[in-house]
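Working through the structure, step by step
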Amino acid sequence: MRYTLRQLEIFVAIARTGNVSRAAEEVSLSQSAASTALAELERQFDCQLFDRNGKLLKLNALGKSLLPVASSLLTQATEIEHLLEGKSSLGDLSVGATLTIGNYLAIMIISEFMQNHLDCHIALQVKNTQSILQQIAGYELDLGLIEGSCHHPELQAETWIEDELVVFCSPTHPLANQEAVSIDALLSATWILREQGSGTRETFDQALRHHLPELKVRLELEHTEAIKRAVESGLGVGCVSRLAVRDAFRRGSLVEVKTPMLDLRRQFMFVWHKNRYQTPAMIAFLEYCRSLTANIQRSDEIHLTTTT
């Protein structure tokens, strides 16, 4: 073979970061050594894998074709190394979860999964839907658990379980304890909502798509807990996953605003790159998640033993 795994490792790191110096840090090399390794790989095959713009490197068509194959080969090489060393562990897994799933499900699911697989290491990142999809497309994450839609042509999405948003307010709000509210009442209310780019905001905007210009949005926040605190303090009305407010509803610190005219349902989904090699850890984790929800209709019905 005219290439080495080390050359491919450096290529993948540069492809992910778009910068030789950052890639060199990632693979524990000097900048000059990383740059030389990439240049040697391109020289050996008389090809170019990146378009150069100063220090910024952007994958060209050939580089984009090589990236998934190289990433998969490196993952399989790690598996071979573990087998030769006598290790039978599942290996490492990098998971990205959107904020609702990450804060209210993923941490507990990962905790339970790792109790059954003590030698498996999982790295979790919690961000909004668009950020997670971008990282999966760039091979920075193995798997995504998202609450928004996925239209990326290179990504594979699988529905997991239904989730439902719910409109809520403080117990002292004028909309509290009404049998059902009208659209006019919702348009008169002041809203505390998630930011644009989040799956929660996407579902909310779709449900009220004919009335968006009339909505009075007072605050846009990136964190569900911040929205709940703002609504509890009387700043306005919120709309997040029912999963996120089920404990607050039980305590009575927040109350549901009945909105039967709105379709606030959505799907939690698994997402991965179509060309990504599925490691034993990825396969086992997906199977575990599916088993948890096999007989459950909606996300707020999930009960985990580690939940307090």
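Residues numbered from 1 in each chain as written. Predicted model: local features only at pLDDT ≥ 70, side-chain atom pairs only at ≥ 80, totals over all residues. Heavy atoms only, no water.

Counting residues in hydrophobic clusters, the biggest one holds 41 residues, and the most contacted among them are Leu105, Leu145, Trp160 and Phe285. For this core, the element with the highest residue contribution is helix 5 (residues 99-116), accounting for eight residues. Those residues in contact with leucine 105, other than ones at most four positions away along the chain, are Thr100, Trp160, Leu243, Phe268, Ile302 and Leu304. Core analysis: the second largest hydrophobic core is formed by 23 residues, Phe11, Val12, Leu59 and Leu74 among them. (Core = buried A, V, L, I, M, F, W, Y, C linked by side-chain atoms within 4.5 Å. Buried < 20%, exposed > 50% of the residue type's maximum accessible area, 1.4 Å probe, protein only. Helix = DSSP H or I, 4+ residues; strand = E, 2+ residues; numbered from the N terminus. Contact = heavy atoms within 4.5 Å.)

A full pass over the atoms with the stated rule returns 21 salt bridges. Ionic pairing is found between glutamate 164 and arginine 242, a salt bridge with its closest N-O pair at 3.0 Å. Placement of glutamate 164 in strand 6 (residues 155-169) and of arginine 242 in helix 10 (residues 242-251) is noted, with a sequence separation of 78 residues between them. Note on accessibility: glutamate 164 and arginine 242 belong to one class, buried. The network of salt bridges with shared partners includes Glu164, Arg242, Glu256, Lys258, Arg298 and Asp300. (Salt bridge = Lys/Arg side-chain N within 4 Å of Asp/Glu carboxyl O.)

Of all five residues that make up strand 9 (residues 237-241), five are buried, and the element is covered over most of its length. Across four bridges, strand 6 lies against strand 9 in antiparallel orientation. Bridge pairing in strand 9 links leucine 165 to serine 241. As paired elements, strand 7 (residues 190-194) and strand 9 share two bridges and run parallel to each other. Each residue of the ladder has a partner; that of tryptophan 191, found in strand 9, is valine 237. (Pairing = 2+ DSSP bridges.)

Read these as layout, nothing more, since geometry by itself doesn't imply function.
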